[in-house]
Amino acid sequence: MVSMPAADEYRKLSFWHETVPGTLEPGDPLPGDLDADVAIAGAGYTGLWTAYYLSHADPGLKIAVCERDIAGFGASGRNGGWCSALFPASLGKLERMSGRDAAIAMYRAMQATVDEVGRVAAAEGIDCHWAKGGTVQLARSATQMERARDEVAEARSFGFGEEDLRLLSAGEARGLAGASGVLGGTFTPHCAAIHPSRLARGLADAVRRRGVSLFERTPVLRLAPGRLVTGTGTVRARYVIRATEGYTPVLRGEQRTLAPVYSLMIATAPLPEEAWAEIGLAGRPTFSDLRHLIIYGQRTADGRLAFGGRGAPYHLGSAVRPSFDRVPAVFNALRRTLAELFPVLGDVKVTHGWGGPLGVPRDWCASAGLEGSTGLGWAGGYVGDGVATTNLAGRTLADLITGTDSEITRLPWVGHRSPRWEPEPLRWLGANAGLQAMSWADRAEARTGRPSRAAQVVGRFLGS
Ligand SMILES: Cc1cc2nc3c(=O)[nH]c(=O)nc-3n(C[C@H](O)[C@H](O)[C@H](O)COP(=O)(O)OP(=O)(O)OC[C@H]3O[C@@H](n4cnc5c(N)ncnc54)[C@H](O)[C@@H]3O)c2cc1C
């Protein structure tokens, strides 16, 4: 029997869990066997959005969501709060997979999805601290500037204009985010900064209000056609949906479907007005730079910097453990990077550090789908771009389940099957070599000012 944390333990999961209103006391577990129309494993954004749109499409449907801990326990409650139009596969890669029009349609659908999240949050009275201030990506070396130009050129070649992504001069970039060493950058308006846990918990309340049965503290052991099996009972349903993202390898038969890769974050104490005068981020645009090993940040509604990055190792056997959420060396590296970006921070106090697993598919391309013959469905593999993408997944699964013919069900990620990851220890070697290569590439570029050869390895790892 696995012991489950109490509400005050869930508060400690992240800055967002600590500051989300309402109780984190888990709801009742599944009490025994149950008949439903749709059974969903996992109450992160994917499971909750799917339940939400299904309950709208057909209020008569019996929907049961089984969550191992509490709604919003996973990445959905702990992320960087970028509700962005980013999709893990590039336009070029989608074009190679499914053609030019499909690639463009995917990116346009992602842009519309950002606004759809904002629309539902407002309609459901979810105060998720929504601020659609866009994203500024800083270029802090000649190589990063070159990458910024390449990104804009790729966007233009697919018909995306200045209103979607534009190149920034050094002055413009610094005007948005007053970081050190800025040579320029890019700006896209298609992103909102949010408080992620407020969205997750608010969505859970919204689906409960709509009659969805949400069982917490209910670990799912296995998914099979017509059956979602837990320790306390089986939900029998025509449709069974996997929405477990980075935790998927714990499900029987899913060991090699997605690799859990950790992203870690820190939050500073609220900053004084003088610091904000220098840092900027007025309108709360999210920010990053163009290094390989991704960093991301936002100015929170209560005046802190919440800042994260990859770099924590992948763990052998796709292991996911609470201790992996906190790696002091990564927190220190994030602290150093943040101070280097914004020297005005000086020795400002870092009050929180946390992390969580992302789901990474072997080809780095997210997917959503439903097998007509078995009724088994899934969505995931968002890498680090799931806040908005999960909403598109939820609408797509709802359309597929209700047999609604819509444009979003024809998008190229629908029904896409990523290859399975290699067996261990190859998976461990490959995933960590990729992460290491990104880190080397960044260090080599910072030293030499030229694109590094490790960057080519990174490109291969990303399949871009
Ligand atoms: C630190 C961090 C920062 C990130 N920043 C961003 C960002 O700024 N922007 C962005 O777009 N994306 C970001 N992401 C990614 C984004 O948060 C995820 O892609 C998204 O939340 C995935 O939602 P999900 O519902 O599919 O998965 P999750 O939120 O992980 O939900 C899966 C749920 O399944 C439950 N579960 C697991 N195993 C079982 C089981 N056996 N039985 C029942 N339930 C189970 C878990 O408890 C969890 O609640 C970040 C992720 C992390 C970790």
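Remember, predicted model here, so these are calculated numbers, not experimental data. (Residues numbered from 1 in each chain as written. Predicted model: local features only at pLDDT ≥ 70, side-chain atom pairs only at ≥ 80, totals over all residues. Heavy atoms only, no water.)

Turning to helix α7 (residues 142-157), a few remarks are in order. Taking 1.5 Å of rise per residue, the 16 residues of α7 would be expected to cover 22 Å, and the 22 Å separating its terminal C-alpha atoms lies within 8% of that figure. Those residues of α7 that are buried lie in contact with α5 (91-98), β4 (135-139), β5 (166-168), β6 (184-188), β13 (286-289) and α13 (426-448). Once α7 ends, the next one or two residues include Gly159, with phi positive near 90°. (Helix = DSSP H or I, 4+ residues; strand = E, 2+ residues; numbered from the N terminus. Expected span 1.5 Å × (residues − 1). Contact = heavy atoms within 4.5 Å.)

Take the packing of helix α3 (residues 45-57) against helix α6 (residues 100-123) next. Following both chains from N to C, one finds α3 and α6 inclined at 70°, their axes separated by 14 Å at the closest point. Between α3 and α6, the crossing angle belongs to the class labelled roughly perpendicular. Considering only the axes of α3 and α6, their crossing is left-handed. Each of Trp49, Tyr52 and Tyr53 in α3 lies in contact with α6, whose residues at this interface are Glu116, Val117 and Val120. (Axes fitted to C-alpha atoms, helices over the stretch in contact; angles between N-to-C directions. Parallel < 35°, antiparallel > 145°, perpendicular 65-115°, else oblique. Left-handed = near helix turned anticlockwise from the far one by under 90°.)

Our next topic: the layout of surface pockets. Over the atoms a probe the size of a water molecule is rolled, and this reveals where empty space is left. Taken as a whole, the second largest pocket spans an internal volume of roughly 790 Å³. Contributing to the lining of the second largest pocket are 28 residues, with Arg291, Leu293, Ser439, Asp442 and Arg443 lying nearest its centre. Of all the elements in the fold, those that place two or more residues in the lining of the second largest pocket are α11 (328-341) and α13. Broken down by element, the residue count for the lining of the second largest pocket peaks at eight residues, all from α13. Class assignment of the residues belonging to the lining of the second largest pocket gives a composition of 11 nonpolar, eight polar and nine charged. (1 Å grid on protein atoms, 1.4 Å probe; cavity = no way out; pocket = protein on both sides within 12 Å on 5 of 7 lines; lining within 4 Å. Points joined across faces, edges and corners; volume = space filled by probe spheres on them. Nonpolar A, V, L, I, M, F, W, Y, C, P; charged D, E, K, R; others polar.)

The next subject is the nonpolar core. One finds Trp49, Phe87, Met106, Leu199 and Trp413 to be the most contacted residues of the largest nonpolar core, which totals 66 residues. Top element by residues in this core is α6. It accounts for 10 residues. Setting aside residues up to four positions removed in sequence, Leu199 forms contacts with Tyr45, Trp49, Val117, Ile126, Cys128 and Ile194. Among the nonpolar cores identified, the runner-up in size contains 31 residues, and Ala173, Val182, Ile266 and Ala319 belong to it. (Core = buried A, V, L, I, M, F, W, Y, C linked by side-chain atoms within 4.5 Å. Buried < 20%, exposed > 50% of the residue type's maximum accessible area, 1.4 Å probe, protein only.)

Bringing the pairing of strand β18 (residues 376-380) into the picture now. For β18, the tally of buried residues reaches four of five residues, placing the bulk of the element in the interior. The pairing of strand β11 (residues 234-242) with β18 spans three bridges and is parallel. Residue pairing across strands places Ile241 opposite Gly377, the latter belonging to β18. Two strands pair when backbone bridges link them, and strand β17 (residues 367-370) and β18 are joined in this way by four bridges, in the antiparallel orientation. Bridge pairing in β18 places Leu370 opposite Gly377. From the end of β17 to the start of β18, which pair antiparallel, there are five residues, and Gly375 there has a positive phi angle of about 80°. (Pairing = 2+ DSSP bridges.)

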